[in-house]
Amino acid sequence: MASITIRDVRKSYAKMQVVHGVNLDIRSGEFVVILGPSGCGKSTLLRMIAGLEEISDGTIAIDGAVVNRLEPRERGCAMVFQNYALYPHMSVAQNIGYSLKVAGVPAAERTQRIQAVARILELEHLLDRKPMALSGGQRQRVAMGRAMIREPKVFLFDEPLSNLDAKLRVQMRSEIRKLHRRLNATSVFVTHDQVEAMTLADRLVVMNGGCVEQVGTPAEVYSRPASRFVATFVGAPAMNMLEGTVALDGVSLLGGSRKLNVSRAGLPVGSKVAVGVRPEAVRMVAPGTPGALDATVDLVEELGAGRVVYVDLDGASFSVVTSETVHPEPGSAVGLQFAESDLHFFSSETGGRLDVFKASVPEAAL
Amino acid sequence: MEKRVTFGKWTIGILFAVPQLILIFTFFYWPAGQAVYWSLTLQQPWGGGNIWVGLDNFRSILANADYWNSITASLTFAAISTGLAMVIALVLATLTDRQLAGSRLYRVVLIWPYGIAAPALALAFRFILAPEAGFMAAVNKFWPGFWDPGLNGADAMASVIVAFSWKYVGYNFIFFLAALQAIPRSLIEAAAMDGSGVIRRFWDIQFPLITPTIFFLLVINITESFQDSFGIVDIMTAGGPANATNLMVYKIYSDGFRGLDYSGAAAQSIILMLLIILLTIVQFRFIERRVHYR
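All figures in this text were calculated on a predicted structure; none of them were measured in a lab.

A. Looking closely at the confidence of the model for chain B. Residue and element names in this part refer to chain B. Per-residue confidence for chain B averages 87 on the pLDDT scale, and 95% of its residues sit at or above 70. When pLDDT is averaged over each element of chain B, helix α9 (residues 198–209) comes out on top at 92 and helix α4 (residues 103–115) at the bottom at 79. Scoring of the predicted complex yields 0.79 for pTM and 0.80 for ipTM.

B. Examining the sheet that holds strand β7 (residues 154–158) of chain A more closely. Residue and element names in this part refer to chain A. Here we have six strands laid out as an open sheet, ordered β6-β7-β8-β3-β9-β10, and mixed in their pairing. Because the sheet does not close on itself, it has two edges, and the strands there are β6 (77–80) and β10 (211–216). Neighbour-to-neighbour, the strand axes of this sheet turn through a mean angle of 20°, independent of strand direction. Here strand β3 (residues 31–35) pairs with strand β9 (residues 203–208) via four bridges, running parallel. Bridging from a neighbouring strand, Val33 pairs with Leu204 of β9.

C. Looking closely at the sheet that holds strand β5 (residues 65–66) of chain A. Spatially, β2-β1-β4-β5 (chain A) is the arrangement adopted by the four strands of the open sheet, whose pairing is antiparallel. One side of each edge strand has no neighbouring strand; the edge strands of this open sheet are β2 (16–26) and β5 of chain A.

D. Looking closely at the pairing of strand β16 (residues 293–302) of chain A. Residue and element names in this part refer to chain A. In this structure, β16 lies alongside strand β19 (residues 333–337), joined through four bridges in antiparallel fashion. Following the sheet pairing, Ala295 is matched in β19 by Val334. Taking the residues between adjacent antiparallel strands as the criterion, β16 and strand β17 (residues 306–313) are bridged by three residues, where Gly304 takes a positive phi near 90°.

E. The arrangement of the packing of helix α12 (residues 248–258) of chain B against helix α13 (residues 262–287) of chain B in detail. Residue and element names in this part refer to chain B. Where α12 meets α13, the closest approach of the two axes is 8 Å, and the angle between their N-to-C directions is 165°. By the angle between their directions, the pair α12 and α13 is classed as roughly antiparallel. α12 and α13 meet at a crossing whose hand is left-handed. Residues Met248, Val249, Lys251, Ile252, Asp255 and Gly256 of α12 form the contact with α13, whose own contacting residues are Tyr262, Gly264, Ala265, Gln268, Ser269 and Leu272. Residue composition of the contact of α12 with α13, by class: six nonpolar, four polar and two charged.

F. Main features of the interface of chain A and chain B. Each partner contributes residues to the interface: chain A has 17 residues there, and chain B has 16 residues. Mapped by element, the contributors of at least two residues to the side of chain A that touches chain B are β6 and α2 (92–102) of chain A.

Reading the values: the criteria
- Residues numbered from 1 in each chain as written.
- Chains lettered and ligands numbered in written order.
- Predicted model: local features only at pLDDT ≥ 70, side-chain atom pairs only at ≥ 80, totals over all residues.
- pLDDT = per-residue confidence, 0-100.
- Helix = DSSP H or I, 4+ residues; strand = E, 2+ residues; numbered from the N terminus.
- Pairing = 2+ DSSP bridges.
- Axes fitted to C-alpha atoms, helices over the stretch in contact; angles between N-to-C directions.
- Parallel < 35°, antiparallel > 145°, perpendicular 65-115°, else oblique.
- Left-handed = near helix turned anticlockwise from the far one by under 90°.
- Contact = placed C-beta atoms within 7 Å.
- Nonpolar A, V, L, I, M, F, W, Y, C, P; charged D, E, K, R; others polar.

Structure below.
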């Protein structure tokens, strides 16, 4: 178990900077998930912790000791790779035991520890097979075993589930969670899959364009996104965003065609904002209901347990998650209603969250 | 409905194959057949047909100490030049694989030696290794008589081996580099995470994974060292001094076309062919077992 301290870490390739000054404290025994779209620098950050990428600037410390200049093997990290990276010419047992062999652990102890790990991962009957003869899920487990056997201070996962099919992914996800509870080792997990991130993380780190956008528990990130990017990236379907301008008596939306009656506490009249509301927080009511926005149904997606309804709001697309009992028809008119407490405001210029609208008029109205 | 193209008559299919069959027959089976025929007969010195002598040609060759000397020289040459060419190429390729800047240039530059005709490169090496004026002259200056391929058989053999290896280092390098680059980078990284250092990673991960390439190159290098050495020997040493570099392929030429013993030379060709076949079978039987195909 170990804590990881990341200070002002940057990574540049030639003239391109891909990670711009990341600061992060990972506590001992914590399961941290780094979430972001592809190319946001999340894997690069992970590989810098592992020692597979050089750190261009800043420091990474494990348990208080700066590891910038240490070889991967000296850092006490174990890593699970996206493509598993199993040694194709070695059996499962040899794959799992390779690090012990390199470390010079006697054969008897090695066998014993391989057996112990294999038992946990239910790989005992596969120990003599080559990776070629394994299924995706089994390979994944071998890769986990290879990381576990070293009893590392830190586990690093580089999108380890993205090569599995949907069902197996869910299963492996809960196994990783269980394993973490059992070993309680500090873990850093990189993914672009927000469901994976939400379900696994003690704390979530959302990255975009080489910067950390927000750090927080999954619930915090979901309910109080720190930026417009986080708001639209976390949650499915994505949060609805409407561009607006602060007016004297609220926020005028969509070039003035709609209006939200909210207090504009502190914001100068005329400043541009983005108003966000989660599809789950929108209620569908009869058209013309006082205090609702009128819209036209565009498309209905059946989810079984509910539906995603895409509506047209003066040319802007807006999605609503409804319960099973509501059956809107494409082309019909509906009213959209939501509590002001469910609204999120972001600056149109910086994308940052604006909290000045809190505690004002309770209901949004036309 | 049948989508494949089919021919109504089997003869049309045969007709398409005929040009290739003619080529193979004319340039491979016919000469090989002729060599077998000649090796079993004695060519009359003044013309007038061949006399059937059975295996007499083989008996006389195999009873000749010069011929056994030639076989020993060929095997020595094959073993050392293959070893050198492969080890040097593998070292170069491994270094290039680690530090990829400029590797495209190496690839181009290192294939060139293979494209140089054997006599041309032999001539170059004859100058480079000349005891009186070349690169080795400097050594001779401090240690007189150290290097003289014109008088010393071992020096002559070394010169021929160096020239031949130089040509094949480039060829082997290309294959080794391609094989090394085909190994997923994450495997090397995983081994690094497992605590394995550079040398250990090479022996535990990279070497086993390129064994198919190593095996392929071994077969090619050994075969070529028996066949492709002619031009180099002819220009650099002409088989001398005192037959020290009289390799089998060169002896076939000198006995046949200088000594005018066509029948004996034909018998030697058959023996060389059988030797290469035998060596290849041995390699497939005993070395291929240790190859890990992915």
